[in-house]
Amino acid sequence: MIKNAFHKFADSTKAQIIFFAAYVLITAFGLFLLSDSVIAFLVLLLSILILYYLKLNVRIKWALGLLIIAVLVPFAASQGSSYQSFMDVGTLVLIYVAMALGLNIVVGFAGLLDLGFIAFFAVGAYTYGIFGSTQANKFMPFGHFPVPGDAFWLFIPIGAIIAAVFGILLGIPVLRVRGDYLAIVTLGFGEIIRIVFNNMDHPINITNGSMGIPSIEPPSFFGIPIGQPSQFYYIALVIFMLAIYVATRLEHSKLGRAWKAVRDNEIAAQASGIPLVKTKLAAFAIGASFSGMMGSVFAAKQMYIDASSFTYLESTIVLVMVILGGMGSIPGVILGAAVVIILNNQVLTSLSTWLTQLSASGVVSVPDALSPAKMQRFIFGILLVVFALYRTKGLIPYKNKKVDAAHLKAEAAVKTSQYEEHPEAEGTH
Amino acid sequence: MNILEVKNLTKKFGGLMATRDVSMNVEKNSITAVIGPNGAGKTTFFNMITAVYRPTSGDILLNGKSLVGLKPHQVCHFGISRTFQNIRLFNEQTVIENVLVGMHQRLKGHWIGTLLHFPEVTREEEAAKVEAYKILQYVGLEEFVNESAGNLPYGAQRRLEIGRAIAAKPKILLLDEPAAGMNPKETRQLTDLIHDMRHRLDVTIILIEHDMKLVMKISDYLYVLDHGELIAEGKPDEIRNNQRVIEAYLGKEATQRG
């Protein structure tokens, strides 16, 4: 009976919309009242996932999703003292989702295991960091830095382009190797970029070395300075939308098919006329550009960067997002990135605070070393093992896009071509 | 007229001579078979034509132009498509996507056009899907259009490889053991398909095959390789009675005793 009711629900658009509206309104109202509750915040975010599974028109889904993350979540969270910290987590989620989408192009679509992906994020961050602070004065004989906050917007495409160039520079030598060897070389590349940035304070001081670049100019929008996480949230949101758009458009295009062909069988892909190097470089460049854009945003948001933000662990975390979510699956990767960041920055920290409070009040005593916030690597390790055992294709596995066979059949019947009839129809020769 | 001329093609892998001094002339619109025992160098020969391997010496001319030194995808652009002995499909992609990949070099749309919704890219993509569907109808796979290629039954996978190869509109189609593992009915359908392709698609077909019945039935001309060397060539009837060919297949002793 329950199953029956469920099917009825799944078939009725009206019922779904009413249910969804009720869920969103109640949870939004809940967050509005319990303004500092992490759980209320998470329950509201869950609505995006529910939306994904509803059987509605795709455009309606996109519109609703955008409405929720652009208007409802910021509004409902705006009441409490945790508003900025919620928005900060939101911004981080968007930054990492865009990066994970970029890495998904490289690893998920083109099948090139990249363990140094954070390097492109670093390139984007340093691009704005250097020119958005007084740092550039130290090696540039002309011009006056920092650039004004209004110029930040230019640095989003510039970050994308420079990261893409680095993607190609990495790609040219590296694409001679495959599989495990490629992974090792990219890992090395990621470390080299970090170490070079960490040491480029002499002979010419370009990155200020391990001191990092302080007081990076905050962006401004027609003269209005942008400094709050709630404002960066919208910048990140726009780039996030762009990343989703690019990834979904390309996925089923000629280039997307070429990537997957190279991933599935390199020799057959070449024999089908796909230029191997060009196709792989396109994956590296486009994937890297997502990271580059978000790197600029990251530098502006943090107002301070140094090489320690771009360690190997960060590359692994982005890769974990892709694997956890589902390689090649765009909704999966978005979910994976959101889960990892929220787990890391909200759930674990809240748990730690809660446990500290419990220990302080003497109910239980949890040693500081065991606080959940310090166990993130352990928890991600466990998660990966569990996924490798029980859900190898990730949270939302990749699904092939189906073509409308009936439509194609009708079209094919109208159009004449050289493949007229089935050879069997004319009998043997 | 010869569409493909192979001149003294030699390939050495270290000390091993995979092919030695093989020369061939393939007439336009013919069906040519390359036969020989296992390890005779047939697939190496195909791999040199499609630039997977670079020949140690010798030359390959397509309509008088040398193919040596090209990249594999360039050979495809020049008009040579192939299938593989051990099936190489894009298993995670759907059947129609496999055919669309085969059309890759014929599609002009750039990815920037895809991102910016250029109408001609959208139109081209739609037309490509219809054509891909027609190709699937032609090779008899339209019922599997949305299936993952890796899930197809074996015979259907072989036909999909042919579908993918002809999607590039090749001048020459190389089939590497197309009938391997097929049952008699499937082999018969394949024979019909090969015959039909030659006329309908105006393509020259070169095939490697072990099924002698099929080879003798459809080929215009045969080349026989053994230990990397060309030991015989001729029309099916001439090859059938060629003493060296019988020896190569059955062994010298067997023929002497018989």
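Position numbers for residues count from 1 along each chain, tracking the sequence in the order it is written. To read the labels, note that chains go from A and ligands from 1, taken in the order they are written. At least 70 in pLDDT is required for a residue's local features to be given in this predicted model, at least 80 for side-chain atom pairs to be given and counted, and no such filter applies to totals for whole chains, interfaces and linings, which use all residues.

Q: Pulling in residues and values, what's your account of the overall build of chain A?
A: On a plain count of helices and strands, chain A comes out with 16 helices and 2 strands. Taking 429 residues into account, the globule formula puts the C-alpha radius of gyration at 22 Å, and chain A, at 24 Å, falls close to it. Taking the principal axes of its C-alpha atoms as reference, chain A extends roughly 80 × 60 × 45 Å. Out of the 429 residues belonging to chain A, those deemed buried represent 42%. For the purposes of this entry, the term helix denotes a DSSP run of H or I that reaches at least four residues, the term strand denotes a run of E that reaches at least two, and both are numbered from the N terminus. Here the globule rule reads 2.2 Å times residues to the power 0.38, and the radius of gyration is calculated from C-alpha atoms. Exposed residues have 12 or fewer other C-beta atoms within 10 Å of their own C-beta, buried residues have 20 or more, and residues in between are partly exposed; the C-beta atoms are placed from the backbone.

Q: Can you lay out the overall build of chain B for me, pointing to particular residues and giving the numbers?
A: Secondary structure summary: chain B contains 11 helices and 10 strands in total. The C-alpha radius of gyration of chain B comes to 19 Å, within 12% of the 18 Å expected for a compact globule of 258 residues. For chain B, the spread of C-alpha atoms along the principal axes amounts to about 70 × 40 × 35 Å. When contacts within chain B are restricted to residue pairs at least 6 apart in sequence, long-range pairs at least 24 apart make up 67% of them. In this description, a residue-residue contact is defined by the distance between C-beta atoms placed from the backbone, which must lie within 7 Å.

Q: Just give me the short version of helix 3 (residues 95-102) of chain B, but keep the residues and values in it.
A: For helix 3 of chain B, a buried count of 8 out of 8 residues is recorded, marking the element as mostly surrounded by other parts of the structure. Those residues of helix 3 of chain B not exposed but buried are B:Val95, B:Ile96, B:Glu97, B:Asn98, B:Val99, B:Leu100, B:Val101 and B:Gly102. Of the surrounding secondary structure, the elements contacted by the buried residues of helix 3 of chain B are helix 10 (254-264) of chain A together with helix 5 (119-139) and helix 6 (154-166) of chain B.

Q: How would you explain the interface of chain A and chain B if you had to name every residue and give the values?
A: Many structure descriptions define interface size as the accessible area lost when the parts assemble. On the side of chain B, 47 residues touch chain A, which itself brings 38 residues to the contact. When contributions to the side of chain A that touches chain B are tallied by element, the ones reaching two or more residues are helix 9 (229-251), helix 10, helix 11 (266-271) and helix 16 (405-414) of chain A. Taken together, the residues that form the side of chain A that touches chain B break down as 17 nonpolar, 11 polar and 10 charged. Ten residues, namely Ala, Val, Leu, Ile, Met, Phe, Trp, Tyr, Cys and Pro, are considered nonpolar, four, namely Asp, Glu, Lys and Arg, are considered charged, and the remaining ones, Gly among them, are considered polar.

Q: Let's hear about the environment of A:His7: which residues, and what values?
A: Along the chain, A:His7 turns up in helix 1 (residues 2-11). Given 10 C-beta atoms within a 10 Å radius, A:His7 is considered exposed.

Q: Can you tell me about the domain arrangement of chain A, naming the residues and giving the values?
A: Residues and elements named next belong to chain A. For the domains described, the bounds stem from an automatic or database domain assignment. Under the domain assignment, chain A is made up of domain 1 (1-81) and domain 2 (85-325). Domain 1 and domain 2 are separated by 32 Å when their C-alpha centres are compared. Between domain 1 and domain 2, the residue contacts involve 6 residues of the former and 6 residues of the latter. Sorting elements by how many residues they give to the side of domain 1 that touches domain 2 places helix 4 (residues 58-77) first, with 5 residues. Along the lines of polarity and charge, the residues of the side of domain 1 that touches domain 2 split into 6 nonpolar, no polar and no charged.

Q: How would you summarise the pairing of strand 1 (residues 2-13) of chain B if you had to cite specific residues and measurements?
A: When DSSP finds two or more bridges between two strands, those strands count as paired. Pairing analysis gives 8 bridges linking strand 1 of chain B to strand 2 (residues 16-27) of chain B, with the strands arranged antiparallel. Bridging across to strand 2 of chain B, B:Leu9 finds its partner in B:Val22.

Q: Quick rundown of the confidence of the model for chain B? Include the residues and the values.
A: All names here are of chain B. The predictor reports its confidence for every residue as pLDDT, a score running from 0 up to 100. Averaged over every residue, the pLDDT of chain B is 91; the share at 70 or more is 97%. Here helix 11 (residues 252-257) stands out as the least confident element of chain B, with mean pLDDT 64; helix 3 is the most confident, with 96. What the predictor reports for the complex is a pTM of 0.90 with an ipTM of 0.92.

Q: Talk me through the confidence of the model for chain A; I want residue IDs and the actual numbers.
A: Residue and element names in this part refer to chain A. Confidence in the prediction for chain A averages 87 pLDDT; 97% of positions are at 70 or higher. For chain A, per-element mean pLDDT is lowest for helix 1, which scores 74, and highest for helix 10, which scores 95. Confidence drops under pLDDT 50 across residues 422-429; counting only partners more than four residues distant or on other chains, this segment forms 12 contacts.

Q: Got a sec to walk through the pairing of strand 9 (residues 221-226) of chain B? Specific residues and values, please.
A: Residues and elements named next belong to chain B. Pairing geometry for strand 3 (residues 31-35) and strand 9, over 4 bridges, is parallel. In the strand pairing of strand 9, Ile35 is matched with Val224. Across 5 bridges, the pairing between strand 9 and strand 10 (residues 229-234) is antiparallel. The residue bridging Val224 from the neighbouring strand is Ala232, located in strand 10.

Q: Before we move on, could you go through the packing of helix 3 (residues 38-53) of chain A against helix 14 (residues 330-360) of chain A and cite the residues and values that matter?
A: Residue and element names in this part refer to chain A. Where helix 3 contacts helix 14, the axes come no closer than 12 Å and their chain directions differ by 170 degrees. Overall, the two elements helix 3 and helix 14 adopt an arrangement that is roughly antiparallel. Seen from helix 3, the contacting residues are Val38, Leu42, Leu49 and Tyr52; seen from helix 14, they are Pro331, Leu335, Ile342, Gln346 and Ser350. Taken together, the residues of the contact of helix 3 with helix 14 sort by class into 7 nonpolar, 2 polar and no charged. Only the stretch in contact is used when fitting a helix axis, every axis being a line fitted to C-alpha atoms; angles between N-to-C directions are given from 0 to 180 degrees. When describing relative orientation, an angle under 35 degrees is termed roughly parallel and one over 145 degrees roughly antiparallel, while 65 to 115 degrees is termed roughly perpendicular and anything else oblique.

Q: Kindly report on unusual backbone geometry, identifying the contributing residues and their values.
A: Residues and elements named next belong to chain A. In this chain, Phe145 is followed by Pro146 through a cis amide linkage whose omega measures 5 degrees. Inspection of the secondary structure assignment puts Pro146 in the loop between helix 6 (118-131) and helix 7 (152-174). Of note in this structure, Phe222 is not a glycine but carries a positive phi near 50 degrees. Take Phe222: it is sitting in the loop between strand 1 (220-221) and strand 2 (224-225).

Q: Summarise the nonpolar core; cite the residues concerned and give the values.
A: Across soluble globular proteins, you tend to see nonpolar side chains buried next to one another. Residue and element names in this part refer to chain A. In these notes, a nonpolar core means any group of buried Ala, Val, Leu, Ile, Met, Phe, Trp, Tyr and Cys residues linked to one another through C-beta atoms within 7 Å. Ranked by size, the top nonpolar core spans 196 residues in total, and within it Tyr96, Val97, Ala98, Ala100, Val318, Met321 and Ala337 carry the most contacts. Among the elements that line this core, the one with the most residues is helix 5 (residues 83-109), at 18 residues. Three or more residues apiece are contributed to this core by two domains, here domain 1 (1-81) and domain 2 (85-325). Ignoring anything within four residues of it in the chain, the contact list for Ala100 reads Val318, Met321, Val322, Val333, Gly336 and Ala337.

Q: Before we move on, can you summarise the packing of helix 5 of chain A against helix 9 of chain A with the specific residues and values?
A: Axis angle and axis distance: for two packed helices, these are the angle between their axes and the distance between the axes, and together they describe the pair. Residue and element names in this part refer to chain A. For the pair helix 5 and helix 9, the least separation of the axes is 9 Å and the interaxial angle reads 20 degrees. Relative to helix 9, helix 5 is oriented roughly parallel. Of the two elements, helix 5 crosses helix 9, and the hand of that crossing is left-handed. Across the contact of helix 5 with helix 9, the residue classes break down as 18 nonpolar, 6 polar and 1 charged. Note on convention: near helix rotated counterclockwise from far helix by under a right angle means a left-handed crossing. Clockwise means right-handed.

Q: Explain the environment of B:Gly251 to me, and be specific about the residues and the numbers.
A: Along the polypeptide, B:Gly251 turns up in the loop between helix 10 (243-250) and helix 11. For B:Gly251, a count of 12 C-beta atoms within 10 Å puts it in the exposed group.

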